[in-house]
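As a plain string of letters, each chain reads:
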Amino acid sequence: MKAAVVRAFGEPLVIEERPDPEPGVGQVRIRVEASGLCHTDIHAAHGDWPIRPNPPFVPGHEGVGVVEELGEGVTHLKVGERVAVPWLGWACGRCEHCLSGWETLCDRQVNTGYGCDGGHAEKMLAWADFAQRVPHGISALEAAPLTCAGVTTYKALKVAQVRPAQLVAVSGIGGLGHLAVQYAKIAGAQVAAIDVTDDKLELAAELGADLVIDARKDDVGEVLRRYGGAHAALALAVNDAAFEAVNAGLRRGGRLVMVALRAHGTVRVPIFDTVLNGTSVIGSIVGTRQDLAEVFQLHAAGRTRVICETRPLSAVNESIDEVLRGQVKARIVFDLGAGR
Ligand code: NAD
Ligand code: ZN
Ligand code: ZN
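Note that residues are indexed from 1 along each chain, following the sequence as it is written. Both sets of labels track the order of writing: A upward for chains, 1 upward for ligands. This being a predicted model, a pLDDT of at least 70 is required before a residue's local features are given, and a value of 80 or more before pairs of side-chain atoms are given or counted; all residues contribute to the totals for chains, interfaces and linings. For side-chain calculations, the full set of non-hydrogen atoms in the structure is used, while hydrogens and water are omitted.

Participant: Which residues make up the site of ligand 1, and what values do they have?
Facilitator: The environment of ligand 1 is made up of 31 residues, and the closest members are His39, Thr40, Asp195, Val286 and Arg331. Here an oxygen atom of ligand 1 and a side-chain polar atom of histidine 39 are 2.7 Å apart. At 2.9 Å from an oxygen atom of ligand 1 is found a side-chain nitrogen or oxygen belonging to histidine 43. Computed with a 1.4 Å probe, the accessible areas rest on the Shrake-Rupley method; for each residue, only the protein chains presented here act as cover. Surface burial for ligand 1 is 91%, taken as the share of its 870 Å² of free accessible area covered by protein chains. Runs of H or I in DSSP of at least four residues are treated as helices and runs of E of at least two as strands, each being numbered from the N terminus. Every element with two or more residues in the shell around ligand 1 is listed here: helix 1 (39-46), helix 3 (140-159), helix 4 (175-186) and strand 11 (190-195). Within the shell around ligand 1, the residues separate by chemical class into 18 nonpolar, ten polar and three charged. Note on terminology: near, applied to a residue and a molecule or strand, indicates that one of the residue's heavy atoms is within 4 Å of it. For this analysis, a polar contact is any N or O atom pair within 3.5 Å, provided that within protein one partner can donate a hydrogen and the other can accept it, and provided that sequence-adjacent residues contribute only side-chain to side-chain pairs. Asp, Glu, Lys and Arg are counted as charged, while Ala, Val, Leu, Ile, Met, Phe, Trp, Tyr, Cys and Pro are counted as nonpolar; the rest, among them Gly, fall into the polar class.

Participant: Hey, could you go over the pairing of strand 11 for me, with residue numbers and the actual values?
Facilitator: Judged by how many residues are buried, strand 11 sits mostly within the fold: five of six residues are covered. Think of it this way: DSSP has to see at least two bridges between two strands before they count as a pair. Taken together, the five bridges between strand 10 (residues 167-171) and strand 11 define a ladder with parallel strand orientation. Across the sheet, serine 171 pairs through a bridge with isoleucine 194, a residue of strand 11. Here the term right-handed applies to a crossover when the path leading from its first strand over the helix to its second strand runs clockwise, the strands being oriented away from the viewer. Traced from strand 10 through helix 4 to strand 11, the parallel crossover comes out right-handed. Between strand 11 and its parallel partner strand 12 (residues 211-214), the chain crosses via helix 5 (residues 198-206), and the hand of that crossover is right-handed. Classification of residues uses two cut-offs on accessible area relative to the type maximum, computed with a 1.4 Å probe and protein chains only: under 20% is buried, over 50% is exposed, and between them is partly exposed.

Participant: Before we move on, could you go through the nonpolar core and cite the residues and values that matter?
Facilitator: Inside soluble globular proteins, nonpolar side chains tend to come together where they are buried. Of all hydrophobic cores here, the largest spans 47 residues; its most connected members are Val170, Val181, Tyr183 and Phe296. Going through the elements one at a time, helix 3, strand 10, helix 4, strand 11, helix 5, strand 13 (230-235) and helix 9 (289-300) are the ones with two or more residues in this core. Among the elements that make up this core, the one with the highest residue count is helix 3 (ten residues). Here phenylalanine 296 is in contact with Ala84, Gln132, Arg133, Val134, Pro135, Ile138, Ala143, Leu146 and Thr147, once residues within four sequence places are set aside. We define a nonpolar core as any set of buried Ala, Val, Leu, Ile, Met, Phe, Trp, Tyr and Cys residues linked to one another through side-chain atoms lying within 4.5 Å. By definition in these notes, contact holds between two residues if any of their heavy atoms fall within 4.5 Å.

Participant: I'd like a rundown of the coordination of the zinc ion (ligand 3), residues and numbers included.
Facilitator: Every protein donor of the zinc ion (ligand 3) is accounted for by Cys92 (SG), Cys95 (SG), Cys98 (SG) and Cys106 (SG), and the metal-donor separations fall at 2.3 to 2.4 Å. Around the zinc ion (ligand 3), the four donor atoms are arranged such that angles at the metal cover 106 to 118°; this shape is classified as tetrahedral. Sequence spacing of the donor residues for the zinc ion (ligand 3), all on one chain, is C-x2-C-x2-C-x7-C. Because no water is among the atoms considered, metal sites can look incomplete, with donors defined as N, O and S atoms within 2.8 Å of the metal, or 3.2 Å for Na, K and Ca. Square planar and octahedral sites, with four and six donors, are those where opposite donors lie more than 155 degrees apart and all other angles lie between 65 and 115, tetrahedral sites have four donors with every angle between 85 and 135 degrees, and the rest are irregular.

Participant: Tell me about the coordination of the zinc ion (ligand 2), residues and numbers included.
Facilitator: Looking at the metal site, the zinc ion (ligand 2) is ligated by Cys38 (SG), His61 (NE2) and Cys148 (SG), spaced 2.0 to 2.3 Å from it. One chain supplies every donor for the zinc ion (ligand 2), spaced along it as C-x22-H-x86-C. Pair noted here: cysteine 38 is in the loop between strand 3 (27-37) and helix 1 and histidine 61 is in the loop between helix 1 and strand 4 (63-70), with a separation of 23 residues, a long-range link. A relative accessible area of 4% means that cysteine 38 is categorised as buried.

Participant: Tell me about the packing of aromatic side chains, and name the residues and values.
Facilitator: Pairing of aromatic side chains requires ring centres within 6.5 Å, counting the rings of Phe and Tyr and the six-membered ring of Trp. Pairs whose planes differ by under 30 degrees are stacked, by over 60 edge-to-face, and all others tilted. Evaluated as defined, the whole model comprises three aromatic pairs. Note on tryptophan 87 and tyrosine 114: the rings are 5.3 Å apart at their centroids and 65° apart in plane angle, and the pair reads as edge-to-face. Of this pair, tryptophan 87 sits in the loop between strand 5 (82-85) and strand 6 (88-90) while tyrosine 114 sits in the loop between strand 7 (110-111) and strand 8 (123-127), placing them 27 residues apart in sequence. Tyrosine 114 carries the same exposure label as tryptophan 87, and that label is buried.

Participant: Pulling in residues and values, what's your account of the sheet that holds strand 15 (residues 280-283)?
Facilitator: Ordered by their spatial adjacency, six strands build an open sheet running 12-11-10-13-14-15, and the pairing between neighbours is parallel. Lying at the two open borders of the sheet, with one neighbouring strand each, are strand 12 and strand 15. Averaged over all pairs of adjacent strands, the angle between strand axes in this sheet comes to 20°, irrespective of strand direction. Its contacts with the sheet put helix 4 on strand 10, strand 11 and strand 13, and the angle it makes with strand 11 is roughly 170°. Across the sheet, helix 7 (residues 240-247) lies against strand 10, strand 11, strand 13 and strand 14 (250-258), angled at about 155° from strand 14, the strand it touches most. Comment: axis = line fitted to C-alpha atoms, over the contacting stretch for helices; angle = value between 0 and 180 degrees taken between N-to-C directions.

Participant: Provide a residue-level description of the environment of glutamine 27, including the pertinent values.
Facilitator: Note that glutamine 27 resides in strand 3. Each C-alpha atom, one on glutamine 27 and one on leucine 125, is 6.6 Å from the other, the two residues being 98 residues apart in sequence. With sequence-adjacent residues up to four places away left out, glutamine 27 is seen in contact with Glu22, Leu70, Gly71, Val74, Leu125, Ala126, Trp127 and Ala128. At a separation of 2.8 Å, a polar atom in the side chain of glutamine 27 contacts the main-chain amide nitrogen of glycine 24.

Okay, here's the thing in structure tokens:
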């Protein structure tokens, strides 16, 4: 099987021929049909974060495909079923976080495409308990971006405790942001979409944003305050200044939800405004299996649109460049046989 491999941080990925991986106890082997390229894969390949993966490794945590072999002890999945393999590849199931519905905070978690090989390959392994069944009617190409971009923004809006009629600012209309706009609309909010490219701002309007703000020329905080300030802001742009800009646009009691993970990113939060205005800054990391099940349900019910463009896996390095240049409409998905 072919896999896109990070051999060294900051170097181009290499397409390698590898033997098919053998599923261990509790695992399944999947024939990957589609694998979304999340900006996190780029951080992984660059070794951007304080906790780094160990090269060589295969990135990708939006892998979707068909189960082709069951490891020992797997009883609830069948060969031939379509599943998605998210960032939360495994969690212990026993710690205080796992037991309180916060498996995404498990200390012992294993992350797909980071702590173990991921979806940018023709075959991959997954722990069966964390592989999510994809409902009938959702194609592999659509399921892929929902598996990280979808679940992450869906969860971030839950964390933000958004209620109908509130104003939600979505900063960064990329893979994550194009879905965030739609979930905020589903939650009943008014949505202000912020980006730095015309295409993304047009896309946000097309997906239902009530207001678009061009961060290249507008003062984001000032525009949001003109509308009374945002009740919640999702920081999805890989840019520290963009976090500060939306934070400045919160209304009293508003919540800034940090999601993007720029390397060594640091944000200045003014103490006086935060205290006097009673605002909060909250981190949000992906979502649980239940969150992903809900994301799939919404899509199966026709309530979300996934915007993606396909590439062959052999174009992995060019695709990374396209994302970094902001040239992708929303999400690139590697097509590994989705049409079969
Ligand atoms: P992306 O590259 O597809 O989207 C980023 C968007 O931000 C682009 O549309 C870009 O034009 C826009 N942007 C750039 N500068 C901006 C600015 N100054 N103001 C407003 N918008 C600006 O990336 P993505 O795949 O959507 O991921 C975004 C970030 O979220 C990455 O850092 C990724 O690692 C992180 N992420 C976090 C989680 C989590 O659980 N917290 C999950 C997935 C991804
Ligand atoms: Zn991701
Ligand atoms: Zn745990």
